[in-house]
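# Structure at a glance
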Amino acid sequence: MKRVVVGLSGGVDSSVAAYLLQKQGYEVIGLFMKNWHDDSVTISNECPWLEDSNDALLVAEKLGIPFQTVDLSEQYKEKIVDYMFNEYEKGRTPNPDVLCNREIKFDVFMKIALSLGADYVATGHYCRKTEIEVNDEVVYQLKAGADGNKDQSYFLCQLSQEQLAKSLFPIGELTKPEVREIAAEMDLITAEKKDSQGLCFIGKVRLPEFLQQKLQPKEGVIIQIDKNDSIYNIDKKDDLSLEEELKLASKKLAYTPQMGKVVGKHQGAHYFTIGQRKGLNVGGTTDPLFIIATNVETNTIYTGLTSSHPGLFKKALRIEKDEVHWIRKDLALANGESKDFMVRIRYRQPLQKATLHQFEKEMYISFDEPQSAITEGQFAAWYSADELVGSGVIS
């Protein structure tokens, strides 16, 4: 009998995952990960992890499976939280969920599970795993969840073949309503529970408040750049190589305060991200202001009016060579190769038509349509049909 350790989070998805595995004849063990107890950073006066671990325990009791809590808060702080603060300080916007999967759930947690004699680790992610043979070797495919509305393959875009080999995603073929229905039929306490928002496994955290406790506020100015500014008239040079063209198309524009007018003040450029419109507190503009750039060195925020401001759009993005990750190593591009894929640059974004270009020191992704708010530190993930084949950190 194969043994599976399920990461029980206290939510409905992992509860149903555990139930389905049990029904399929696996020996199931429930493990709850406690990832946070740093009193120097208060997150909220509610204590969500206690409530969640209690719900997880009740589900385990209901299913009659062994249950325990593992404290991974040290690893979480070191691998996720410290990394986040460092990234924000550099003016980048990290994705803690993608990282938490790569570094915690499918690494630290997986090792604990395997040490308990598990054959697999299972989670309540909406995605599917299939296998094929390539040159007589088994290759695992990570595919979108059947529920297009809830597909979470993007969050697993940094997993490796080794991690996928040991993973199961029992609810990948189901839709969210179907999952809730099963939970209700089984009378699981989590059936009606709302989906958790906020940082993976920390629970109800509000990011700006969280950041403000670690990154010191510093007053700076908010500058508005006109959409007709000459910085957007990029002269097309005829004699550029493809690589030079892509470099130009993906380059950050060099804004200076002299280009625009001061429309307000902010408390720290590192709290803000490109494409953001909330939290600027600038009144009196005809249309909403969007952040088109931040500069943490000069502590300046640049904004533009409306979501169609040219400062928000780019045709290409760049990924450094050592940040390019192929789940399907057999499909990796060689130096000088280009190939069409469907790409998304954030979790809920519909897939976009694009071409990947691999060069010696970097990869560029050029899009058929210009993309809004391409953000440094976030992940671009590329798909072939419904299979996620690779990803990389936008630089």
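Residues numbered from 1 in each chain as written. Predicted model: local features only at pLDDT ≥ 70, side-chain atom pairs only at ≥ 80, totals over all residues. Heavy atoms only, no water.

## What about a negative patch on the surface?
Cut-off, in case you're wondering: The patches reported here contain residues having more than 30% relative accessible area and no salt bridge. Joining distances are 9 Å for like charges and 5 Å for nonpolar side chains (Val, Leu, Ile, Met, Phe, Trp, Tyr). Where accessible areas are quoted, they stem from the Shrake-Rupley method and a 1.4 Å probe; at the residue level, only the protein chains shown are allowed to cover. By convention in these notes, a salt bridge is any Lys or Arg side-chain nitrogen within 4 Å of a carboxyl oxygen on Asp or Glu. The positive count covers Lys and Arg only, the negative count covers Asp and Glu only, and His and the chain ends enter neither. Taken as the charge centre is NZ of Lys, CZ of Arg, CG of Asp or CD of Glu, depending on the residue. A run of H or I in DSSP becomes a helix once it reaches four residues, and a run of E becomes a strand once it reaches two; helices and strands are each numbered from the N terminus.
Taken together, Glu131, Glu133, Asp136 and Glu137 make up a surface patch of like negative charges. With respect to the secondary-structure elements, Glu131 resides in strand E5 (residues 127-134).

## Focus on the sheet that holds strand E2 (residues 27-34)
We apply this condition: Note on pairing: DSSP must find at least two bridges between two strands before they are called paired. It only takes one pair of heavy atoms within 4.5 Å for two residues to be counted as in contact. Lines fitted to C-alpha atoms define the axes, with helix axes restricted to the stretch in contact, and inter-axis angles between N-to-C directions lie between 0 and 180 degrees.
Pairing is parallel across the open sheet formed by 5 strands, whose spatial order is E3-E2-E1-E4-E7. Each edge of the sheet is formed by a strand with only one pairing partner; in this case those strands are strand E3 (67-71) and strand E7 (167-168). Its contacts with the sheet place helix H1 (residues 12-23) against strand E1 (3-7), E2, strand E4 (120-122) and E7, and it is angled at close to 170° to E1. Across the sheet, helix H4 (residues 96-115) is in contact with E1, E2, E3, E4 and E7; its angle to E2 comes to roughly 125°.

## Quick notes on the packing of helix H3 (residues 73-89) against H4
Applied cut-off: Every angle not falling under 35 degrees, over 145, or within 65 to 115 is termed oblique; those three ranges are roughly parallel, roughly antiparallel and roughly perpendicular. Whether a crossing is left-handed or right-handed is set by the direction in which the near helix is turned from the far one by less than a right angle, anticlockwise for left-handed and clockwise for right-handed. Under the grouping applied here, Gly and all other residues not named as nonpolar or charged are polar, the nonpolar ones being Ala, Val, Leu, Ile, Met, Phe, Trp, Tyr, Cys and Pro and the charged ones Asp, Glu, Lys and Arg.
Across the interface, H3 lies against H4 with an axial gap of 10 Å and an inter-helix angle of 165°. Here H3 lies roughly antiparallel to H4, going by the angle between them. The handedness of the crossing between H3 and H4 comes out as right-handed. Contacts between H3 and H4 involve Gln75, Tyr76, Lys79, Ile80, Tyr83 and Met84 from the former and Pro96, Leu99, Cys100, Glu103, Ile104, Asp107 and Val108 from the latter. Taken together, the residues of the contact of H3 with H4 break down into 9 nonpolar, 1 polar and 3 charged.

## Examining the sheet that holds strand E9 (residues 261-266)
As summarised here, the arrangement of the 4 strands in space is E9-E8-E11-E10, forming an open sheet in which the pairing is mixed. Looking at the sheet topology across the chains shown, the edges are occupied by E9 and strand E10 (289-295). Averaged over all pairs of adjacent strands, the angle between strand axes in this sheet comes to 30°, irrespective of strand direction. In terms of strand pairing, E10 meets strand E11 (residues 300-305) through 6 bridges, oriented antiparallel. Bridge pairing in E11 links Ile291 to Thr303.

## Side note on empty space enclosed by the protein
How we decide: Here a cavity denotes a set of grid points, spaced 1 Å apart and computed over the protein atoms alone, in which a 1.4 Å probe fits but from which it cannot get out, and a pocket denotes an open set meeting protein on both sides within 12 Å along at least five of seven lines; residues with an atom within 4 Å of a point are reported as lining. Grid points are joined across faces, edges and corners, and a volume is the space filled by probe spheres set on the points.
For the structure shown, the criterion picks out 1 cavity of 30 Å³ or more. Roughly 70 Å³ of internal volume is contained in the largest cavity. Lining of the largest cavity is provided by Gly91, Thr93, Lys252, Phe272, Thr273, Ile274, Thr294, Thr375 and Glu376. Of the residues that constitute the lining of the largest cavity, the class distribution is 2 nonpolar, 5 polar and 2 charged.

## So, the confidence of the model for the chain
Inclusion rule: A residue's pLDDT is the confidence the predictor assigns to it, expressed on a 0 to 100 scale.
Per-residue pLDDT for the chain averages 91, and the proportion of residues at 70 or more is 93%. In this model residues 200-204 is a low-confidence stretch, pLDDT under 50, and it forms 21 contacts with partners more than four residues away in sequence or in other chains.

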